[in-house]
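Notes for the structure review
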Amino acid sequence: MPLITWRPQLETGNAIIDAQHKRLVDIINELNDALKAGRSNEIMGATFDELVAYTATHFGVEEKLLAGHDYEYLEEHRKEHRVFTDQIKMDRDNFNAGVWEFEQRMMDYLRGWLVNHIQASDQAYVPTLKQGGVD
Ligand code: FEO
């Protein structure tokens, strides 16, 4: 059973954003599967690198979209993105340096952050997207 199951509450209705969110969910599920299967640190590290890189891609696309719609809370939203990005980059660097090992609590953190962010903060901009603007 995947760590995160996609469900309607996670949908924003924007095809690009939803596809990117699904990809983030998939990467976290892949990381969890690798942990459960006892994969090597090399494989865990490569998947974590992918998560860090794809998160940055997604946040860039989303922020551009929100800027095009003059989203009122863009700066607050950017700040949430920045805090998470800084955290996972630091975690990634420390993991690569051998400071810590993957454990379930790391997966719980990643799942909790992503699901909460999509369900609360991302859902909050959906009405603004529906009002139109530049895609
Ligand atoms: Fe879809 Fe705000 O991240």
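The sections below set out a description of the structure shown in this document. (Residues numbered from 1 in each chain as written. Predicted model: local features only at pLDDT ≥ 70, side-chain atom pairs only at ≥ 80, totals over all residues. Heavy atoms only, no water.)

**Some remarks on the packing of aromatic side chains**
Put simply, the test is: Two rings belonging to Phe, Tyr or Trp (six-membered ring only in the last case) form a pair when the distance between their centres is within 6.5 Å. Interplanar angles under 30 degrees mark stacking, angles over 60 mark edge-to-face geometry, and anything in between is tilted. Comment: elements are numbered from the N terminus, with helices defined as DSSP H or I runs of at least four residues and strands as E runs of at least two. Here the term buried applies to any residue with accessible area under 20% of the maximum for its type, exposed to any over 50%, and partly exposed to those in between, with areas from a 1.4 Å probe on protein chains only.
What the rule picks out here adds up to 11 aromatic pairs. On the numbers, 6.4 Å between centres and 65° between planes, the contact of F59 with F84 is edge-to-face. Residue F59 is found in helix 2 (residues 41-68), and its partner F84 is found in helix 3 (residues 74-96); the two are separated by 25 residues along the sequence. Taken individually, F59 and F84 each receive the classification buried, so the pair is uniform in this respect. Members of the aromatic cluster, joined through ring pairs, are F48, F95, W100 and F102.

**Some thoughts on the pattern of salt bridges**
Any two side chains of opposite charge can pair, on the condition that their charged atoms come close. Rules: Only one rule defines a salt bridge in this text: a Lys or Arg side-chain nitrogen within 4 Å of an Asp or Glu carboxyl oxygen.
Counted by the stated rule, this structure contains 8 salt bridges. Between R23 and E30 there is a salt bridge whose closest N-O contact spans 3.3 Å. Of the residues examined, R23 reaches a relative accessible area of 25% and is grouped as partly exposed. The partner of D93 in a salt bridge is R92, with the nearest N and O atoms 2.9 Å apart.

**Details of the packing of helix 1 (residues 15-36) against helix 2**
Selection rule: Helix axes use the C-alpha atoms of the stretch in contact, all axes being lines fitted to C-alpha atoms, and the angles between their N-to-C directions lie in the range 0 to 180 degrees. Note that the term roughly parallel is reserved for angles under 35 degrees, roughly antiparallel for angles over 145, roughly perpendicular for angles of 65 to 115, and oblique for everything else. By convention, the crossing between two helices is left-handed when the near helix turns anticlockwise from the far helix through less than a right angle, and right-handed when the turn is clockwise. Residues are treated as being in contact if the distance between any of their heavy atoms lies within 4.5 Å. Three categories are distinguished: nonpolar for Ala, Val, Leu, Ile, Met, Phe, Trp, Tyr, Cys and Pro, charged for Asp, Glu, Lys and Arg, and polar for the others, with Gly belonging to the last.
It is at 10 Å that the axes of helix 1 and helix 2 come closest, and there the two elements cross at 165°. Considering their axes alone, helix 1 and helix 2 lie roughly antiparallel with respect to each other. As helix 1 runs across helix 2, the sense of the crossing is left-handed. Seen from helix 1, the contacting residues are I16, I17, Q20, H21, R23, L24, I27, I28, E30, L31, A34 and L35; seen from helix 2, they are M44, T47, F48, E50, L51, Y54, T55, H58, V61, E62 and L65. Tallied by class, residues from the contact of helix 1 with helix 2 come to 14 nonpolar, 5 polar and 4 charged.

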